[in-house]
Amino acid sequence: MQWVPHDDGFELRTAISREEFAVADAELGEMDWASIDPQPVRKSGGVRHGFTPAAYYWQRSGEHVWCESQQERWELLWLDYSAQLDLVWSQPMIINFGFDSKLAGDSHVPDFFALTTDGDYSLWDVRPLAQVTEHARLQFDETARVCRRMGWHYEVLSGHHPRASRNLNCIAASRHDRCRPTTAIEQLLIEAARHGETRSALCAIASPDYPPLAAAWVDNLAWRRLLTVDLTSPVRNDTIYTSVIERWTQDA
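In this numbering scheme, every chain counts its residues from 1 along its sequence in written order. Two thresholds apply to this predicted model, a pLDDT of at least 70 for residue-level local features and 80 or more for giving and counting side-chain atom pairs, whereas whole-chain, interface and lining totals are computed over all residues. Derived side-chain values reflect all non-hydrogen atoms in the structure, with water molecules and hydrogen atoms excluded from consideration.

(A) Main features of the environment of A54. In this description a helix means any DSSP run of H or I spanning at least four residues, a strand means any run of E spanning at least two, and both kinds are numbered starting from the N terminus. Secondary-structure assignment places A54 in strand β3 (residues 54–58). Relative accessible area serves as the criterion here: at 16%, A54 is assigned to the buried category. Along the backbone, A54 and Q70 are 16 residues apart, and their C-alpha atoms lie at a distance of 6.5 Å. For every residue, the accessible area (1.4 Å probe, protein chains only) is compared with the maximum for its type, and the residue is labelled buried under 20%, exposed over 50%, or partly exposed between those bounds.

Take a look at the structure:
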């Protein structure tokens, strides 16, 4: 494994001596990577290589996470929605495959690395299924083997329903704390949506004098999974939002 630890004043690619190396094992996997704060080991040339880079604002850390492509940006949106990650790093390290690997002499840079809310670490690659070549599949398999050795979760992310991603992207505009309703309004909305209620009705309940004001509150609850909504269908004023309390009651 090869990575670049954070160091104030250090500029990537200007001081190769700052790169650190270690054999991938359980001891390496248990290191305090939040303190190491691995910096991107590379950045693509952008659109000239067929990609459109992006920066996704990760609210929990108050920082932007660099994405090499729009596909990576969509996947990061879904990872954020899962509410299971505290910190995320992009292009965090280089895996140099050893002699016991089918890719001996080759290397790989995973797309994302994260600290979960449970204190574990996860590593991800982003690749649509149609673009997974035999070499890429072998690369992912060998990366998964390295992660098992270190005690990390590893997964290849291959996309979501296009409409669901677009709808989630719209709801994500209200994920910020400034869109969070008061506790009283939050409870009012959750109770009103116990058996399912339309978006327009919920807005009118929360803000009778000016319903559009409550649109961000409703979407904030949906982002926080306190209200559920079918993201694969068009989200309109007549879209039904349902409180998770009702769902839990039915499951029980």
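Next comes the rest of the account.
(B) Region of interest: the nonpolar core. Take the buried residues of types Ala, Val, Leu, Ile, Met, Phe, Trp, Tyr and Cys, join any two whose side-chain atoms come within 4.5 Å, and each joined set is a nonpolar core. Formed by 39 residues in total, the largest nonpolar core has its most connected members in L76, V88, F112, L189, W223 and L231. At 6 residues, the largest contribution of residues to this core is made by helix α8 (residues 215–223). Membership of the second largest hydrophobic core comes to 24 residues, among which are A24, L115, A144 and M150.

(C) Seen up close, the packing of aromatic side chains. Only the six-membered ring of Trp is used, alongside the rings of Phe and Tyr, when aromatic pairs are assigned; centres must lie within 6.5 Å, and planes under 30 degrees apart are stacked while those over 60 apart are edge-to-face, with the rest tilted. On inspection of all chains with the given rule, the structure shows 10 aromatic pairs. Note on Y121 and W152: the rings are 6.2 Å apart at their centroids and 55 degrees apart in plane angle, and the pair reads as tilted. Here the residue Y121 occupies a position in strand β9 (residues 121–126), and W152 occupies one in the loop between α4 (134–150) and β10 (153–157), the gap between them amounting to 31 residues. Put simply, a charge is over a ring when the Lys NZ or the Arg CZ is close to the ring centre, within 6 Å, and near the line of the ring normal, within 35 degrees. A cation over an aromatic ring shows up here: R73 above the ring of W74, its NZ or CZ 5.7 Å from the ring centre. Stacked on the ring of Y81, the Lys or Arg R225 has its end atom at 3.8 Å from the ring centre.

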